[in-house]
Structures are given as structure tokens and as C-alpha cells.
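Given next are the chains, with one letter for each unit.
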Amino acid sequence: MAPIRVRYIVDDVIATIAFYTQHLDFMVKTHPVPGFTILQRDDLHLIVNEKNGQGGATQAMPDGRKPEPGGWNRIQIEVKDLDSLVENLRKAGVRFRNDIVTGFGGKQILLDDPAGNPIELLESPGK
């Protein structure tokens, strides 16, 4: 099975690498040029492009809009102990969009990477 690939546009690739590797257990799969990297966690490949970098991912659309960081589409990372992870991330100064909420699918919270791209942390029921 092929890996799942998600692309995020960021302000700073180096800050993004540090954030995902230090806080969310990603590893650097490749970092061939300063404005681009691929990070990996299990079957998820996070393709990261700097917003002013070269290449097709950051080029303007025909109407002039340019890809930029942020928004509401997000990756979801399943974790075993959401409360402890959130506590550690808060101590590290990570920015959250909300507090932990509980729903049918379990407990979840949204946090931002250094560029403002959202990440959903989910603890499924019974985990």
C-alpha cells in the first residue's frame, strides 16, 4: 500500500522540521533543498514547502491566489494518552486552537504547527 501524502505550505521549513520531529514523532525522510522537506510518521508522508519557495506547489493560481499556511483542513494523529501529551506540549509552548473536547469518536484537540497549519490529536475510545 502506498503511503498517505499530505502537503503543507509553511513559513519556515527548518522550524517545521524541528516542531514535527521534536513534538510529534516524525522523522525527516528527505530534505534536499532549504525550502522543501518530506517528513514521515508511519504511513503518513508530510510534504512541506516554504510559501516563497521554488517548485510547482507554491506557484500562483490563474486568478492570482497563492498557496499559504493555515486554514482548517488538517492531518489527524492518533495518540494513546492525549491528556499527558497535551500537558507536555503546553509546557513546550505549543499553540492550541481549543481545549480537549470529547465526542463520539473519542477525545480530540487542535494545535497549530509553527506556520499555523492545524493538526488534530485524537485519542480513540478504549485506547
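These figures come from a predicted structure and were not determined experimentally. (Residues numbered from 1 in each chain as written. Predicted model: local features only at pLDDT ≥ 70, side-chain atom pairs only at ≥ 80, totals over all residues. Heavy atoms only, no water.)

Draft legend 1. Up close: the sheet that holds strand E7 (residues 106-112). Overall, mixed pairing links the four strands, which are arranged E5-E8-E7-E6 in an open sheet. In the strand order of this sheet, the two ends are held by strand E5 (75-78) and strand E6 (101-103), each with one partner. Here the average twist between neighbouring strands, direction ignored, is 30°. As paired strands, E5 and strand E8 (residues 118-123) are joined by four bridges and run parallel to one another. Looking at the pairing, glutamine 76 lines up with glutamate 120 of E8. (Pairing = 2+ DSSP bridges. Helix = DSSP H or I, 4+ residues; strand = E, 2+ residues; numbered from the N terminus. Axes fitted to C-alpha atoms, helices over the stretch in contact; angles between N-to-C directions.)

Draft legend 2. A look at the sheet that holds strand E1 (residues 4-10). Strand order in the open sheet formed by four strands is E1-E4-E3-E2, with mixed pairing between adjacent strands. The open sheet has two edge strands, E1 and strand E2 (27-33), and neither has a second partner. Between one strand axis and the next, the sheet turns through 20° on average, direction left out of account. By the bridge criterion, six bridges tie strand E3 (residues 36-41) to strand E4 (residues 44-50) in an arrangement that is antiparallel. Note on E4: the bridge partner recorded for isoleucine 38 is isoleucine 47.

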